[in-house]
Amino acid sequence: MYKNKKVVVVLPAYNAEKTLEKTFIEIPMNLVDEVILVDDNSIDETYALAKKLGIHHVIRHENNKGYGGNQKTCYNKCKELNADIVVMLHPDYQYTPLLIDAMVSIIGNDLYPVVFGSRILGKGALRGGMPLYKYFFNRLLTFFQNTLMNQKLSEYHTGFRSFDMKVLNAVNYEKCSDDFAFDNQIVAQICNLDFEIGEVTCPTKYFPEASSINFKRSSIYGLHVILVSIRYFLHKTKIVKWDLLA
């Protein structure tokens, strides 16, 4: 609880058995009221470990619904629990849960309704092991997105995000993709509704157990990012309407 606001952390998980415990034990439970883990039909012991760790709400998809589909289940459960502040954290231990306090306080004090943990604001991305090609394309895509979406974010591709519940109630995330395009589509909705996004510097860790999409999937993701940015620009300039933002 933060200033009488209920804080809920969501962990969209897929094959996170090797990193889940390290992530979970760093969550500041003096601040966080409840934790939700949604297991997207993992082939490892993610679900069993989550139950063993005593995570408050453990949900397992009987069929793999994709990264976006996982987040939809997370946020629907947050609505059911009447959350006021929601923190989405990848349970792969690339991002430190110790920053939850800072992110929640920014939202709880009405400074920004959305806060991203950015790997790019500081110099920690490459130092933390981010592959050089990922860093390069992250910077390139972010420049492209900022130009077309009229924003000044340091990064759009973080797996550490926090939201005032009024934002999740205002956007229609159910219309977003069930795959990795979800993250950028929900950002497009957030920007379209003129919600401001704050950022905090977040160190990152890349190691063999941490989840990471391969070069092929990264390339497909990059194409989706470009498409979302172009469609956003065309919609805002009233050239071509985009149903996602209508």
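For the structure, check the block above.
The structure reproduced in this document is the subject of the present report. (Residues numbered from 1 in each chain as written. Predicted model: local features only at pLDDT ≥ 70, side-chain atom pairs only at ≥ 80, totals over all residues. Heavy atoms only, no water.)

### Brief notes about the overall build of the protein chain
Right, so step 1: Each helix and strand in the protein chain was counted, giving nine helices and seven strands.
Right, so step 2: Compactness check: the protein chain gives a C-alpha radius of gyration of 17 Å against a globular reference of 18 Å for 246 residues, within 12% of the reference.
Right, so step 3: Going through the 246 residues of the protein chain one by one, you find that 55% of them count as buried.
Right, so step 4: Excluding contacts between residues fewer than 6 apart, the proportion of contacts in the protein chain whose partners are at least 24 apart in sequence is 75%.
Right, so step 5: Working note: accessible area of the protein chain is about 11400 Å², and carbon and sulfur atoms make up 55% of it.
Right, so step 6: In the protein chain, 28 side chains carry a positive charge and 26 a negative one; their mean positions are 6 Å apart. (Helix = DSSP H or I, 4+ residues; strand = E, 2+ residues; numbered from the N terminus. Rg over C-alpha atoms; globule rule 2.2 N^0.38 Å. Buried < 20%, exposed > 50% of the residue type's maximum accessible area, 1.4 Å probe, protein only. Contact = heavy atoms within 4.5 Å. Areas by Shrake-Rupley, 256 points an atom, 1.4 Å probe, with all protein chains shown as cover. Lys, Arg positive; Asp, Glu negative; His and termini not counted. Charge placed at Lys NZ, Arg CZ, Asp CG, Glu CD.)

### A closer look at helix α4 (residues 100-108)
Right, so step 1: Residues I100, M103, V104, I106, I107 and G108 constitute the buried set of α4.
Right, so step 2: Packed against the buried residues of α4 are β1 (7-13), β4 (85-89), β5 (114-118), β6 (160-164) and β7 (197-201).
Right, so step 3: Residue D110 follows α4 closely and has a positive phi angle near 60°.

### Notes on helix α6 (residues 132-149)
Right, so step 1: Between its terminal C-alpha atoms α6 stretches 25 Å, which fits the 26 Å expected from 18 residues at 1.5 Å a residue.
Right, so step 2: Listed as buried for α6 are K134, N138, L141, T142, Q145, N146, L148 and M149. Down the axis of α6, the buried set is contained in an arc of 165°. They therefore lie on one face. When the buried face of α6 is taken as reference, the exposed residues oriented beyond 90 degrees from it are L132, F143 and T147.
Right, so step 3: One or two residues past the end of α6 sits N150, with phi positive at roughly 55°. (Expected span 1.5 Å × (residues − 1). Arc of directions from axis to C-beta.)

### Regarding the packing of aromatic side chains
Right, so step 1: Summed over the entire model, instances satisfying the criterion amount to six aromatic pairs.
Right, so step 2: Between the aromatic rings of Y75 and F163, the centroid separation amounts to 5.9 Å while the plane-to-plane angle is 75°, which identifies the pairing as edge-to-face. Taken together, the residues span a long stretch of sequence, with Y75 in helix α3 (residues 66-80) and F163 in strand β6 at a distance of 88 residues.
Right, so step 3: Judged by its relative accessible area of 1%, F163 is buried.
Right, so step 4: An aromatic cluster of three or more residues is present, and its members are Y75, F163, Y173 and F182.
Right, so step 5: In this arrangement the basic side chain of R161 is found over the ring face of F116, its NZ or CZ atom lying 4.6 Å from the centre. (Phe/Tyr/Trp six-rings, centres within 6.5 Å; stacked < 30°, edge-to-face > 60°. Lys NZ or Arg CZ within 6 Å of the ring centre and 35° of its normal.)

### Focus: unusual backbone geometry
Right, so step 1: Positive phi, normally seen in glycine, also occurs at D110, with a value near 60°.
Right, so step 2: Structurally, D110 can be placed in the loop between α4 and β5.
Right, so step 3: On the accessibility criterion, D110 (57% relative accessible area) is exposed.
Right, so step 4: Residues other than glycine seldom take positive phi values, yet N150 does so here, at roughly 55°.
Right, so step 5: Mapped onto the elements of the fold, N150 is located in the loop between α6 and β6.
Right, so step 6: Judged by relative accessible area, N150 falls into the exposed class, the value being 69%.

Interpretation note: all reported values are geometric properties and have no functional meaning in isolation.
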